[in-house]
Amino acid sequence: MAEVQTRIPTIKLPLGRVGVGNVRKLIRIPRQGKRPIILLVDFNCFVDLPPFQKGIHMSRNLEAIDEVLEEVVKNPVYELEGLCADIVQEVLKRHEYATRCAVEMESKLMTYGRTPSGTKTQDFIKLLAKAEAQRGGAVRKEVGAELRGVVLHPYTAEGTGKGVGYTQRAVASLILQVPEKRFVKIEEIMKVLEGSMSSRAYTFLSEAEEQEVIAEVSEGPKFVDGVVESILAGVAERFASYPPDMKVTARCVAEEPLFHYNSFAERVTTLGKLLEG
């Protein structure tokens, strides 16, 4: 008897993405002379489904992820997007009927920061990576990060002409396509994001430090579109030597304190268009 997945479906329509999501794995990334970086990673893994196939063998996605991660333990890995690319290639080998595969990865990395007075704190940033490919084609890779911060939404008080505003917690993200034979440092992406908002967010602050951060925020009012513009300017400055067709995705979402919605801004472009001005 044929497997259920290989039977001809009643409704013969192709599906763009079928697979598994939120597959959580522990990754140890070796570092020379230092302790390994430990990441708790969530993977999403998808393939397309042709109209003549009833379903996919989802266990093959899980097997491919496990096998590639076993190799990570044996060999040093420095590129998360490269890890996603390896999984893409392995999954396509196991799904002979699929023509496309995409693997997405999210994780949080603990970093050390300091308050305005120099007190050491632990901060977390979200790491993002993705790889996708058509069968027989090159693997396209992307890497990025997401950072929380504070923005001051500027506006003019009615009847006074005075500029006022209110603070919002915001999330800024930057995702870059990784060109062939090039490496994109997460540290450089983080520097771009850190300078894009009115202020970074902190784990804790003393009363005096709070006043200092509030003063900093008031000196750099920005709405979400201003944050995206700052991110794009930072990309043009720090990544000017990269190929002009490198895809750039900049986004900012701010929580509205008075309303039941969030503010949103995004631009998807290429490095070449940014450099043209």
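Owing to the predicted nature of the structure, the values given are computational and were not obtained by experimental measurement.

### As for the overall build of the chain
Okay, so step 1: Of the regular secondary structure elements, the chain holds six helices and nine strands.
Okay, so step 2: Here the chain, with 277 residues, has 43% of them falling under the buried criterion.
Okay, so step 3: The long-range fraction of contacts in the chain, counting pairs at least 24 apart against all pairs at least 6 apart in sequence, stands at 65%.
Okay, so step 4: Summing over all exposed atoms, the chain offers an accessible surface of approximately 15,800 Å²; the carbon and sulfur share of this is 52%.

### A few points about the layout of surface pockets
Okay, so step 1: In this model, the largest pocket occupies a volume close to 1,500 Å³.
Okay, so step 2: Along the wall of the largest pocket there are 44 residues; nearest its centre are Leu109, Met110, Thr111, Ile125 and Leu127.
Okay, so step 3: For the lining of the largest pocket, the class distribution of residues is 25 nonpolar, five polar and 14 charged.

### Let's talk about the pattern of salt bridges
In a structure, side chains of opposite charge can pair up when their charged atoms sit close to one another.
Okay, so step 1: Under the definition given, this model contains 14 salt bridges.
Okay, so step 2: Note that aspartate 48 is salt-bridged to arginine 100, the shortest N-O span being 3.9 Å. On the criterion of sequence distance, the pair formed by aspartate 48 in strand β2 (residues 34–49) and arginine 100 in strand β3 (residues 100–114) is long-range, its members being 52 residues apart.
Okay, so step 3: Under the relative-accessibility criterion, aspartate 48 is labelled buried at 7%.
Okay, so step 4: The exposure class of arginine 100 is partly exposed, given its relative accessible area of 34%.
Okay, so step 5: For lysine 191, the salt bridge goes to glutamate 188, with nearest N and O atoms at 3.5 Å. In this pair, lysine 191 and glutamate 188 are both assigned in helix α3 (residues 186–194), three residues apart and thus about one turn of the helix distant.

### Observations regarding the nonpolar core
Okay, so step 1: Counting 67 residues, the largest nonpolar core has Phe43, Ile189 and Val235 as its most contacted members.
Okay, so step 2: The leading source of residues in this core is helix α2 (residues 80–94), at eight residues.
Okay, so step 3: Once residues lying within four places of it in the same chain are set aside, the contact partners of isoleucine 189 are Val143, Gly144, Ala145, Leu174, Leu176, Val184 and Phe239.

### Brief notes about the environment of alanine 215
Okay, so step 1: Its location among the elements puts alanine 215 in helix α4 (residues 207–219).
Okay, so step 2: Sequence separation between alanine 215 and serine 199 is 16 residues; the distance between their C-alpha atoms is 9.9 Å.

### Quick notes on the packing of aromatic side chains
Remark: the centre distance and the inter-plane angle together describe each pair of aromatic rings, the angle taken between the planes.
Okay, so step 1: For the structure shown, the criterion picks out two aromatic pairs.
Okay, so step 2: Here phenylalanine 259 and tyrosine 261 contribute two aromatic rings whose centre-to-centre distance is 5.3 Å and whose plane-to-plane angle is 5 degrees, an arrangement assigned as stacked.
Okay, so step 3: On the accessibility criterion, phenylalanine 259 (41% relative accessible area) is partly exposed.
Okay, so step 4: The lysine or arginine in question, lysine 120, covers the ring of tyrosine 112, its NZ or CZ lying 4.3 Å from the ring centre.
Okay, so step 5: Positioned above the aromatic ring of tyrosine 242 is the side chain of arginine 182, whose terminal nitrogen or guanidinium carbon lies 4.1 Å from the ring centre.

### Remarks on the pairing of β2
Okay, so step 1: Pairing of strand β1 (residues 15–31) with β2, which is carried by 12 bridges, proceeds in the antiparallel orientation. By the bridge assignment for β2, lysine 25 is matched with valine 41.
Okay, so step 2: Counted along the chain from β1 to the antiparallel partner β2, the turn is two residues long, and its residue glycine 33 has a positive phi close to 75 degrees.

### Notes on the pairing of strand β9 (residues 262–270)
Okay, so step 1: Pairing of strand β8 (residues 247–255) with β9, which is carried by nine bridges, proceeds in the antiparallel orientation. Residue pairing across strands places valine 253 opposite phenylalanine 264, the latter belonging to β9.
Okay, so step 2: Here β8 hands over to β9 after six residues, the two strands then running antiparallel side by side.

### Describing helix α5 (residues 224–238)
Okay, so step 1: Taking 1.5 Å of rise per residue, 15 residues should cover 21 Å, and α5 covers 21 Å from first to last C-alpha, within 8% of that figure.
Okay, so step 2: Taken as a whole, α5 has its buried residues at Val224, Gly226, Val227, Val228, Ile231, Leu232, Gly234, Val235 and Ala236.

### Side note on α3
Okay, so step 1: Considered for burial, the residues of α3 that qualify are Ile186, Ile189, Met190, Val192 and Leu193. The buried residues of α3 occupy one face: seen down the axis, they fall within an arc of 160 degrees.

### Some details on the environment of threonine 167
Okay, so step 1: With respect to the helices, strands and loops of the structure, threonine 167 is situated in strand β6 (residues 163–178).
Okay, so step 2: The class for threonine 167 is partly exposed, based on a relative accessible area of 48%.
Okay, so step 3: Taking C-alpha positions, threonine 167 is 9.6 Å from lysine 222, a pair spaced 55 residues apart along the chain.

What counts and how
- Per chain, the residues get numbers from 1 upward, laid out in the order the sequence is written.
- Residues qualify for local features only when their pLDDT is at least 70, as the model is predicted, and side-chain atom pairs are given and counted only at 80 or more; totals for whole chains, interfaces and linings, by contrast, use all residues.
- Where side-chain values are given, they derive from all heavy atoms of the structure, hydrogens and water being excluded.
- In this description a helix means any DSSP run of H or I spanning at least four residues, a strand means any run of E spanning at least two, and both kinds are numbered starting from the N terminus.
- Categorising residues by exposure relies on relative accessible area from a 1.4 Å probe, with only protein chains included: less than 20% of the type maximum marks a residue as buried, more than 50% marks it as exposed, and the intermediate range marks it as partly exposed.
- Whether two residues are in contact is decided by their heavy atoms: any pair within 4.5 Å suffices.
- We get accessible surface area from the Shrake-Rupley algorithm with a probe of 1.4 Å; when it comes to residues, only the shown protein chains can shield them.
- Lining residues are defined by having an atom within 4 Å of a point belonging to a cavity or pocket. Those points lie on a 1 Å grid over the protein atoms alone, cavities being sets where a 1.4 Å probe fits but cannot get out and pockets being open sets with protein on both sides within 12 Å along at least five of seven lines.
- Grid points are joined across faces, edges and corners, and a volume is the space filled by probe spheres set on the points.
- Only Asp, Glu, Lys and Arg are considered charged in this grouping, and only Ala, Val, Leu, Ile, Met, Phe, Trp, Tyr, Cys and Pro are considered nonpolar; every other residue, Gly among them, is considered polar.
- We define a salt bridge as a contact between a side-chain nitrogen of Lys or Arg and a carboxyl oxygen of Asp or Glu at a distance within 4 Å.
- Nine residue types can take part in a nonpolar core, namely buried Ala, Val, Leu, Ile, Met, Phe, Trp, Tyr and Cys, and a core is a set of them joined through side-chain atoms within 4.5 Å.
- Note on aromatic pairs: the rings of Phe, Tyr and Trp (six-membered ring only in Trp) are paired at centre separations within 6.5 Å, and the planes decide the class, stacked below 30 degrees, edge-to-face beyond 60, tilted for the rest.
- Counting as a charge over the ring demands two things of the Lys NZ or Arg CZ atom: a distance within 6 Å of the ring centre and an angle within 35 degrees of the ring normal.
- In this analysis, strands are considered paired if DSSP registers two or more bridges between them.
- In this scheme, a helix's expected span is set at 1.5 Å multiplied by one less than its residue total.
- Relevant arc is that of directions from the helix axis to the C-beta atoms, nothing else.

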